[in-house]
Every structure is written in C-alpha cells, then in structure tokens.
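# Structure at a glance
In case you want the letters, here they are:
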Amino acid sequence: MCDVKKYENIYHEIEKLDPEDTLQLVLEADTEEEKSFYEMIGDYLLQKRQKKIIEGNLF
C-alpha cells in the first residue's frame, strides 16, 4: 500500500509551482521522460489557472 499522505504532500507542493518554476524544471530535466513529465505538470497548472479565470469571468 502506498503512503497516501506522502503523495498528497507532493501534490500540494506541485500546486505551488509558478510557470517559471515549471520552465526551469523542463530546461534542467536529465531525460526526455522527465522533461515530458514536467511539461505535463506545467500544462495541468496552466489549465487550472485558465479554468479559474474563466469561471470568475476575469478575462
């Protein structure tokens, strides 16, 4: 069984990333797989921000 709390903490840390942070992670990734992973995280965070802006009619 996995340590759910551990991954919950990781999730909350990832949520705090700024676009500049995810770009840095992508640029400094050691492998293409890591780069792809960080790009997906960046896309996910961008989509979350876009959804929040659209729902709040902030555009």
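The following refers to the structure shown. Since this is a predicted model, take the numbers as computed values, not measurements. The written sequence of each chain sets the order in which its residues are numbered from 1. Given that the model is predicted, a residue must reach a pLDDT of at least 70 before its local features are reported, and side-chain atom pairs must reach 80 or more before they are shown or counted; all residues, however, enter totals for whole chains, interfaces and linings. The basis for the side-chain values is all heavy atoms of the structure; hydrogens and waters are excluded.

## Section: the packing of helix α2 (residues 19-27) against helix α3 (residues 32-55)
To be explicit about the condition: Only C-alpha atoms enter the line fits that serve as axes; for helices the fit covers just the stretch in contact. Angles between N-to-C directions range over 0 to 180 degrees. A run of H or I in DSSP becomes a helix once it reaches four residues, and a run of E becomes a strand once it reaches two; helices and strands are each numbered from the N terminus. Each angle is binned into one of four classes, with values under 35 degrees roughly parallel, values over 145 roughly antiparallel, values of 65 to 115 roughly perpendicular, and all other values oblique. Crossings are classed by handedness, with left-handed meaning an anticlockwise turn of the near helix from the far one by less than a right angle and right-handed meaning a clockwise turn. A contact between two residues is defined here by any heavy atoms of the two lying within 4.5 Å. Gly falls in the polar group here, along with every residue not listed as nonpolar (Ala, Val, Leu, Ile, Met, Phe, Trp, Tyr, Cys, Pro) or charged (Asp, Glu, Lys, Arg).
Between α2 and α3, the shortest axis-to-axis distance is 8 Å and the interhelical angle comes to 165°. By the angle class used here, α2 and α3 are roughly antiparallel. Viewed along their axes, α2 and α3 form a crossing whose handedness is left-handed. Along the contact surface, α2 presents P19, T22, L25 and V26, while α3 presents K35, Y38, E39, I41, G42, L45 and R49. Taken together, the residues that form the contact of α2 with α3 break down as six nonpolar, two polar and three charged.

## A closer look at the pattern of salt bridges
Condition: The salt bridge criterion pairs a side-chain nitrogen of Lys or Arg with a carboxyl oxygen of Asp or Glu, the two atoms within 4 Å. Only protein chains enter the accessibility calculation, which uses a 1.4 Å probe; a residue whose area is less than 20% of its type maximum is buried, one above 50% is exposed, and one in between is partly exposed.
Enumeration according to the criterion identifies three salt bridges in this entry. E8 is the salt-bridge partner of K5, the closest N and O atoms lying 3.4 Å from each other. With K5 and E8 both in helix α1 (residues 4-15), this residue pair falls three residues apart, about one helical turn. Of the charged contacts in the structure, one is a salt bridge between K48 and E15, with a shortest N-O distance of 2.6 Å. Linking K48 in helix α3 with E15 in helix α1, this pair joins segments that are 33 residues apart in sequence. Here K48 falls in the partly exposed class, since its relative accessible area comes to 34%.

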